[in-house]
Amino acid sequence: MSDLVVGQELITGNVTLTRFSLVRYAGASGDFNPIHYRDDVAASVGLPGVLAHGMLTMGLAVQPVIDWMDGRGEVVEYGVRFTRPVVVDGNGGITVNVTAKVGAIEEDVTRIDLTVSAANQTVLGKAQVRVKLHQ
Amino acid sequence: MPVNPELQGRVFPPTTPYLVGREKVREFARAVFAKSPHNHDPEAARAAGYADVVAPPTFAVVIQEAGLALLLAAPDTGIDFSRIVHGEQKFSYTRPIVAGDELTAILTVTSIKSLGGNDMITAETSITDSNGDHVVTATSVLVMRGTE
């Protein structure tokens, strides 16, 4: 992996989120805010629909990087900005697309920048993963 | 009511220790679409040098949540939860969380800022294991939308 270059695309991935995904994440994380599973509650607070948990989007977006490392490294830092909500339709759900590129190569850490989008709009900003790769 | 500016610098008491269960790690891994055998199979995790199954990087949010609950329950913060939006999140790891870890969180409010009618609260939660060794710091920026 020593031949990585800045800008290089490492991997892409996509996940289709449905209401089932949201309920499952609510249970696993303990975040039971009803805006993540009830249309009436989402509408009552002025949202365009039921939203995916930001932390679910963040959680799934890093997985292609973990798959790419395949045990050859560890995540040492991961940060995102939640820039746009992911609205999850009750019927078809929504597909979240992730592209991971080499952002910077530091001494013993590689920064991987993620582009995360849904319905052709970026949903996370400054999504950066720092990984320590085993030599 | 705006966020109480005196909140900046406040350190909350340690949370009750959270014992990371193997099935909880697997359940969380399924929920974030994590497919690595290290997240699911103790033998694969041990073969890679871990004590047990490894939690996905964002699992620390579950531990952070206990710290945030203390912040949101404090009476004098001026925080109105119904106007709170999660703005940013970051995790800085010393080592991954594995099943069997007993983790304690200490939340510090590191900054309160006003920006364009909104209040930005930065909360840094330091998570340590039963030896007192640092595992991960989880940093959240919470945005409290203005009432205008």
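Residues numbered from 1 in each chain as written. Chains lettered and ligands numbered in written order. Predicted model: local features only at pLDDT ≥ 70, side-chain atom pairs only at ≥ 80, totals over all residues. Heavy atoms only, no water.

**Student:** Help me out: how do you make sense of the overall build of chain A in this one?
**Tutor:** Regarding its fold elements, chain A presents 4 helices and 6 strands. Ordered by position from the N terminus, the helices and strands of chain A form the series β-α-α-α-α-β-β-β-β-β. Expressed along its principal axes, the backbone C-alpha trace of chain A runs to roughly 50 × 30 × 20 Å. If you take every contact in chain A between residues at least 6 apart in sequence, the share linking residues at least 24 apart comes to 66%. Summed over its atoms, the accessible surface of chain A is roughly 6,400 Å², and 47% of this surface lies on carbon and sulfur atoms. Side-chain charges in chain A split into 11 positive and 14 negative, and the spacing between the mean points of these groups amounts to 5 Å. (Helix = DSSP H or I, 4+ residues; strand = E, 2+ residues; numbered from the N terminus. Contact = heavy atoms within 4.5 Å. Areas by Shrake-Rupley, 256 points an atom, 1.4 Å probe, with all protein chains shown as cover. Lys, Arg positive; Asp, Glu negative; His and termini not counted. Charge placed at Lys NZ, Arg CZ, Asp CG, Glu CD.)

**Student:** Honestly, the packing of aromatic side chains in this entry has me stumped. Any pointers?
**Tutor:** Going through the model one piece at a time under the given rule, you end up with 3 aromatic pairs over all chains. Pairing Tyr18 of chain B with Phe59 of chain B gives two aromatic rings, centres 6.4 Å apart and planes at 65 degrees, and the pair type is edge-to-face. Note that Tyr18 of chain B is positioned in strand β1 (residues 18–19) and Phe59 of chain B in the loop between α3 (42–47) and α4 (60–73), a separation of 41 residues in sequence. Chaining the aromatic ring pairs together yields one cluster made of Tyr25 of chain A together with Tyr18, Phe28 and Phe59 of chain B. Over the aromatic face of Phe33 of chain B sits the side chain of Arg24 of chain A, whose NZ or CZ is 5.2 Å from the ring centroid. Residue placement shows Arg72 of chain A over the ring face of Trp68 of chain A; its charged tip is 5.8 Å from the ring centre. (Phe/Tyr/Trp six-rings, centres within 6.5 Å; stacked < 30°, edge-to-face > 60°. Lys NZ or Arg CZ within 6 Å of the ring centre and 35° of its normal.)

**Student:** Looking at this structure, I do not really get the environment of Gly9 of chain B. What am I missing?
**Tutor:** Residues and elements named next belong to chain B. Mapping Gly9 onto the fold places it in the segment before β1. When the C-alpha atoms of Gly9 and Gly21 are compared, they prove to be 33 Å apart, with 12 residues separating the residues in sequence. In this structure Gly9 touches Thr108 and Val109, once residues within four positions along its chain are discounted.

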